[in-house]
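Structural overview for review
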Amino acid sequence: MCFYFLKKVLSKPAVKRCLISGIAVCQSHFVFADDAAIDVIKQAVAAYGVQALSSLKQLKVEEELYRYKQGQSGHAESGAHGFVMHKYQQQLDIDFTLRAKAFKRSDQNVIGNYGYHSLVTVDRRFREGEGVSVDHCLQTYQPSARIDWDSVALDMEQAIDTLTIKELSDNSKLVRSAGIAFLQGRAHSVLNWEKSKVTKTAYIDKVSGLLSRLLTNNKGQKAQYDFLAHQQNAQGLKWASQTIISYEQRVTRHITNRYLSLKTSDGALFQTPEYYQPRAQDKFLDFAEPSVNEIVRGVFLVGQGWGFTLFVDMGTSYISMGSWQMPDDTFTWKQRLAKLHQFTGKKKPVSQFIVTHHHDDHLMGVSEVIEHGAQILLLAEHQQAVETSLGLPLTLEQVGLLSHGLKFANGQVQVFDVPSSHADHNVVVYLPEQQILFAEDMFGSSLKAGFHSPNSWPSRDVYYRAEVLNKHLKNAGVSVQYYVSSHHGRVFSNAEFMRFLRLSCPDNDSLLARLYANESQ
């Protein structure tokens, strides 16, 4: 009887709508309201003076920091890898009213294997829904759909505790309290939330209301930000003047000095420089599929993506060079040789393989060369690196030693040892009859036409290495018609290589003057 009555009542549309609305209200309160979290956020906003930032609508952040990472060593006896440190000076201007941002950075190599091109700049701007990248080496600019409000500052904002508190305040209904944790013996309120698919955890000091630590998880990439040495400006805004940033428990950056002010430069800062020229959108070559390029008769460049191998037909066999690959690559040296056999219709073996330098990414394919039965030709300085890569010693039969200027294979092949910032010994291979030069990590372009800017990674030091190479070639008196790289499917003509050499940045002081030229005084 009771069940029948309830069924009749619930079947009425008005009652059903009322009950659904009531459940929604309850559910909404449960999902979007966390009073404990809101109280913590209010305390933090008061501690940081974020209300001042919200009312003035402008912010300038200036920072000095060091970036630490592992890089490739310049000296073979040091092993494949070495410690690299860069010094950044960076600045972010935000105008919340214009919804505009300007991010500027000077990046100088302090420890690592680089030539005199030790400083580059980054200049990214966003206004009226459009992003632009400014190149102060070439004095050009290029619109970029990849630069938006969130990405313009290359994660600089994530490391600014004041902006994290502002983010918490703006999204307080989505924040959850996760109890108490102790850092350095002090009780901290723990808050969890998600923004743009990044999960975040903040640790806020219960006494001071200051943010001590932020954890982020972006698709499995975990970062930790520790905020130190808080200070305050005359307008009442507070921030951490130092920040330690680590990934997977390894320190990657240390912000040693930071200053915030509530007045940014005028609107001209967000515009492109007046006398700079627009740069056409880069068009990249597509080597998504394995390819074979017969540069001249009997000389084949075989590769895919970022890795290429040269095979030179010597009659009954090939001489090969270039085995760059990464651990997850599938089109390895062995597959490149098989692709060449398919292309020519002949199953000709490789008799000798030339090692150019000691970096492990260029030695990873040597195990397949050994398995094939080819002799390894190398400088004596590189034998230990090859054996380390193979995990076993080379026999006398497996090795042939090279030296600077050596000609072999009846004079059809010549090698030069060209030391540079990248490697203390780096073999380049010259084919006199075909006037072809093969080198690794010394020049190249992934573009259909033109070249990467000297102001961009990974090209910033390549231009120095190309200068060094060109001087060696002049001293050797060799004539080159084709320049071949293991990292690029594009082969340079002599005219293209000369145009490549002419691209350069000004000296560091001039480059910095360009970066900050339109700052209002």
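Bear in mind the structure is a predicted one, so any value in this text is a computation, not a measurement. (Residues numbered from 1 in each chain as written. Predicted model: local features only at pLDDT ≥ 70, side-chain atom pairs only at ≥ 80, totals over all residues. Heavy atoms only, no water.)

1. A few points about the sheet that holds strand β17 (residues 307-313)
The line we're drawing: Strand pairing requires that DSSP identify at least two bridges connecting the strands. Every helix listed is a DSSP run of H or I at least four residues long, and every strand listed is a run of E at least two residues long, numbered separately from the N terminus. Think of each axis as a best-fit line through the C-alpha atoms, taken over the contacting stretch in the case of a helix, with angles from 0 to 180 degrees between the N-to-C directions. We call two residues contacting when some pair of their heavy atoms lies within 4.5 Å.
Taken together, seven strands build an open sheet; the order of strands is β15-β16-β17-β18-β19-β20-β21 and the sheet is mixed. The two strands at the open ends of the sheet, each matched to only one other strand, are β15 (291-296) and β21 (399-401). Neighbour to neighbour, the strand axes of the sheet diverge by 25 degrees on average, direction disregarded. Both β15 and strand β16 (residues 299-304) contribute to a ladder of five bridges, which runs antiparallel. Bridge assignment links Ser291 to a residue of β16, and that residue is Gly303. In the packing of helix α6 (residues 333-344) onto the sheet, the strands contacted are β15, β16, β17, β18 (318-321) and β19 (350-354), and the crossing angle to β17 comes to about 50 degrees.

2. Quick word on the domain arrangement of the chain
Keep this limit in mind: Bear in mind that the domain bounds are from an automatic or database domain assignment. Two parts placed together each lose some accessible area under a 1.4 Å probe, and adding up what both lose gives the buried area.
We note that the domain assignment places domain 1 (35-276) and domain 2 (291-501) within the chain. Between the C-alpha centres of domain 1 and domain 2 there is a distance of 41 Å. Contacts between the two partners involve 21 residues from domain 1 and, on the opposite side, 18 residues from domain 2. When residues of domain 1 are sorted by the area they lose upon contact with domain 2, Gln72, Ala76 and His117 head the list and together hold 28% of the total.

3. Concerning the confidence of the model for the chain
Applied cut-off: As a per-residue measure, pLDDT tells how confident the predictor is, with possible values from 0 to 100.
Summarising the model, the chain shows a mean pLDDT of 90, and 92% of its residues fall at 70 or more. Confidence over residues 1-11 falls short of pLDDT 50; this stretch has three contacts with residues more than four positions distant or in other chains. In this model residues 14-31 is a low-confidence stretch, pLDDT under 50, and it forms seven contacts with partners more than four residues away in sequence or in other chains.

4. Some remarks on the pattern of salt bridges
Heads up, the condition is: The term salt bridge refers to a side-chain nitrogen of Lys or Arg lying within 4 Å of a carboxyl oxygen of Asp or Glu. Exposure is judged per residue with a 1.4 Å probe applied to protein chains only, and the accessible area is read against the type maximum: over 50% gives exposed, under 20% gives buried, and values in between give partly exposed.
Under the defined criterion, the tally for this structure stands at 13 salt bridges. Residue Asp205 pairs with Arg186 through a salt bridge whose shortest N-O separation is 2.6 Å. One end of the pair, Asp205, is in strand β9 (residues 198-205); the other, Arg186, is in strand β8 (residues 186-195), with 19 residues separating them in the sequence. On the basis of relative accessible area, Arg186 is assigned to the partly exposed category, the value being 41%.

5. A look at the nonpolar core
Put simply, the test is: Only buried Ala, Val, Leu, Ile, Met, Phe, Trp, Tyr and Cys residues count toward a nonpolar core, and they belong to the same one when joined by side-chain atoms within 4.5 Å.
Ranked by size, the top nonpolar core spans 27 residues in total, and within it Ile165, Leu168, Leu191 and Ile204 carry the most contacts. Sorting the residues of this core by element identifies α3 (35-48), α5 (161-170), β8, β9, β10 (211-218), β11 (221-232) and β12 (238-247) as the ones contributing at least two each. At seven residues, α3 tops the list of elements feeding residues into this core. Apart from the residues lying within four places of it in its own chain, the contact partners of Leu191 are Ala37, Val40, Ile41, Leu168, Val175, Arg176, Ser177, Lys200, Thr201, Ala202 and Ile204. In terms of nonpolar packing, the next biggest core, distinct from the first, is built from 23 residues, Phe311, Tyr318, Leu363 and Val369 among them.

6. Considering the packing of aromatic side chains
For the record, the criterion: The rule is short: rings of Phe, Tyr and Trp, with Trp giving its six-membered ring, pair when the centres are within 6.5 Å, and they are stacked under 30 degrees, edge-to-face over 60, tilted in between. In our convention, an over-ring charge means Lys NZ or Arg CZ found within 6 Å of a ring centre and within 35 degrees of that ring's normal.
Tallied over the full model, the rule gives 18 aromatic pairs. Centre to centre, the rings of Phe443 and Tyr483 are 5.8 Å apart; their planes meet at 85 degrees, and the pair counts as edge-to-face. Within this pair, whereas Phe443 is found in the loop between β25 (436-439) and α9 (462-476), its partner Tyr483 is found in strand β26 (residues 482-485), the two being separated by 40 residues in sequence. Put simply, the rings of Phe443, Phe451, Tyr463, Tyr483, Phe492, Phe497 and Phe500 touch in pairs and so form one group of aromatic residues. Over the ring of Trp149 we find Arg99, and its NZ or CZ is 4.2 Å from the ring centre. The side chain of Lys101 reaches across the aromatic face of Trp149, ending 4.0 Å from its centre.

7. Examining the state of the cysteines
The following threshold applies: Two cysteine sulfur atoms make up a disulfide if the distance between them is within 2.5 Å.
Summed over all chains, the structure comprises one disulfide. In this model Cys137 forms its disulfide with Cys505; the gap between the sulfur atoms is 1.6 Å. Looking down the S-S bond of the Cys137 and Cys505 bridge, the torsion is 90 degrees, so its handedness is right-handed. Note that Cys137 is positioned in the loop between β5 (130-135) and β6 (140-143) and Cys505 in the loop between α10 (494-502) and α11 (508-515), a separation of 368 residues in sequence. Relative accessible area serves as the criterion here: at 16%, Cys505 is assigned to the buried category.

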